[in-house]
Amino acid sequence: MDKVEINSLTFDELKEFVVNLGEKSYRGEQIFSYFHKNKKVDIGELHLLPRDLRESLKDITEVRKMDIFKKYFSKIDNTVKYLFLLDDMNIIETVVMEYKHGYSICISTQVGCKMGCSFCASTKEGLIRNLTPAEMVNQIYLAEKDLNINISNIVLMGSGEPLDNYDNSLKFIDIISHSKGHNISLRDITLSTCGLVPRIYDLADENLPITLSISLHSPFDEERRKIMPIARRYSIDELIEACKYYVNKTNRRITFEYTLIENVNDRDIDIKELGRILKGVKCHINLIPLNPIREYKEDRPSRKNIERVQRELMKYNISVTIRREMGGDISASCGQLRRSVTQNNK
Ligand code: SAH
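Quick caveat, the model's predicted, so the values are computed rather than measured.

Peer 1: I'd love a proper account of the overall build of the protein, names of residues and values included.
Peer 2: Each helix and strand in the protein was counted, giving eleven helices and 14 strands. Taking 346 residues into account, the globule formula puts the C-alpha radius of gyration at 20 Å, and the protein, at 21 Å, falls close to it. Counting over 346 residues, the protein shows a buried share of 55%. Here the contacts in the protein between residues at least 6 apart in sequence split such that 66% fall between residues at least 24 apart. Within the structure as shown, the protein displays about 16,100 Å² of accessible surface, and the carbon and sulfur contribution to it stands at 46%. Between the mean site of the 52 positive side-chain charges and the mean site of the 50 negative ones, the protein shows a separation of 4 Å.

Peer 1: Let's hear about the domain arrangement of the protein: which residues, and what values?
Peer 2: When its domains are assigned, the protein resolves into domain 1 (4-62) and domain 2 (66-344). Placing a centre on the C-alpha atoms of domain 1 and another on those of domain 2 gives a separation of 33 Å. Counting residues at the interface gives 14 residues for domain 1, matched by 15 residues for domain 2. Interface area, domain 1 with domain 2, both sides summed: about 1,300 Å², of which 54% is carbon and sulfur. Connecting domain 1 to domain 2 are three salt bridges. For Glu144, the salt bridge is made with Lys39, and the minimal N-O distance between the two is 2.8 Å. Applying the counting rule to domain 1 against domain 2 returns eight residue pairs in polar contact (both at pLDDT 80 or more). Where the side of domain 1 that touches domain 2 is concerned, the elements lending two or more residues are helix 1 (11-20) and helix 2 (25-36). Per-element accounting of the side of domain 1 that touches domain 2 gives the leading share, five residues, to helix 2.

Peer 1: Go over helix 2, please, and point to the residues and values.
Peer 2: Since the α-helix turns once every 3.6 residues, residues separated by three or four places project in the same direction. Under the 1.5 Å per step criterion, the end-to-end length of helix 2 is 17 Å for twelve residues, consistent within 8% with the ideal 16 Å. Of the residues making up helix 2, those classed as buried are Arg27, Gly28, Ile31, Phe32, Ser33, Tyr34, Phe35 and His36.

Peer 1: Quick rundown of the site of the ligand? Include the residues and the values.
Peer 2: In the vicinity of the ligand, 17 residues are found, and the nearest of them are Phe119, Ser192, Ser215, His217 and Asn291. Contact distances for the ligand include 2.6 Å between an oxygen atom and a side-chain N or O atom of His217. Within the backbone of Asn291, an N or O atom sits 2.9 Å from a nitrogen atom of the ligand. In the complex, 95% of the free accessible area of the ligand, which totals 530 Å², lies under the protein chains. In terms of residue class, the shell around the ligand is built from seven nonpolar, eight polar and two charged.

Cut-offs and rules
- Residues numbered from 1 in each chain as written.
- Predicted model: local features only at pLDDT ≥ 70, side-chain atom pairs only at ≥ 80, totals over all residues.
- Heavy atoms only, no water.
- Helix = DSSP H or I, 4+ residues; strand = E, 2+ residues; numbered from the N terminus.
- Rg over C-alpha atoms; globule rule 2.2 N^0.38 Å.
- Buried < 20%, exposed > 50% of the residue type's maximum accessible area, 1.4 Å probe, protein only.
- Contact = heavy atoms within 4.5 Å.
- Areas by Shrake-Rupley, 256 points an atom, 1.4 Å probe, with all protein chains shown as cover.
- Lys, Arg positive; Asp, Glu negative; His and termini not counted.
- Charge placed at Lys NZ, Arg CZ, Asp CG, Glu CD.
- Domains from an automatic or database assignment.
- Buried area = accessible area lost by both parts, 1.4 Å probe.
- Salt bridge = Lys/Arg side-chain N within 4 Å of Asp/Glu carboxyl O.
- Polar contact = N/O pair within 3.5 Å; in protein donor to acceptor, adjacent residues only side chain to side chain.
- Expected span 1.5 Å × (residues − 1).
- Near = heavy atom within 4 Å.
- Nonpolar A, V, L, I, M, F, W, Y, C, P; charged D, E, K, R; others polar.

So, in structure tokens, the structure goes:
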């Protein structure tokens, strides 16, 4: 029988798990805090538990090994990028950024990705596997322990599509925000999706005050389909409908990510159409200058043009920011770092 990955269980699941073993539920709380508050990994060392329980937990549960494989420091802005080695030798990428208000972390939710966006390095070899909730929280704990910091902001924007790994991403959010664990506020968690419409409705119905971020990248179905295969399944109309439902349900403002690609989505007609489709949607636009990758031949607009797009969009009464680039000297945004390592090892 497969062993249960004990540090992937949510607070409620863990209590139920120990009760099923004939223990009192507070044992589950102790175990939860041991992993998610104290960031420990060896259940054999949890001396609060009776020896018998520790022994049987060692038999029927597991904690998968995860280590720092490589670490890159930016001299420009203190950004740190990690490559973590998982117990099956897969590698994932995580980025820690320092802001005035604290530390923010960008975590991966899958090894690879199957969404196939043409400008994204993470998807070039397809989906290898989903990450477990423990592998998501451990990206945070390992970085925090290594840097001796406390993370206050989480974005699910690394490799992978969180809504394609829905259950694990939600369990991750449940675990990391729990008051008996790390206790990060749900308001300080952002989940980014390329637009899996039915899952946006599911997420809205969970009614969590997290920020939902939608990768839009074009207001035209035809153009969007060329750069994002998911757009062949769901139209922009359907996507915006789902976003409105999300806003209504959660009362949270939606963020639209818009990767700027020269002459592809930065034209006057794009701006005008964006203004039209986002009219009346409580939202914010985050413009991301394209990070060129080898497999995608397009480029980003000039700085002047990026600022022009921002100014023009603001005329529609939309709040618009330009994503600040972090860790420019350690390259490798958006899955490029992991890819450069896995390619070299072949
Ligand atoms: N799968 C999720 C989250 C991961 S990608 C999603 O699609 O939203 C996080 C953001 O980075 C997305 O908006 C994605 O489109 C964008 N992105 C990916 N590769 C990029 C690149 N080379 N340059 C600029 N933005 C990129």
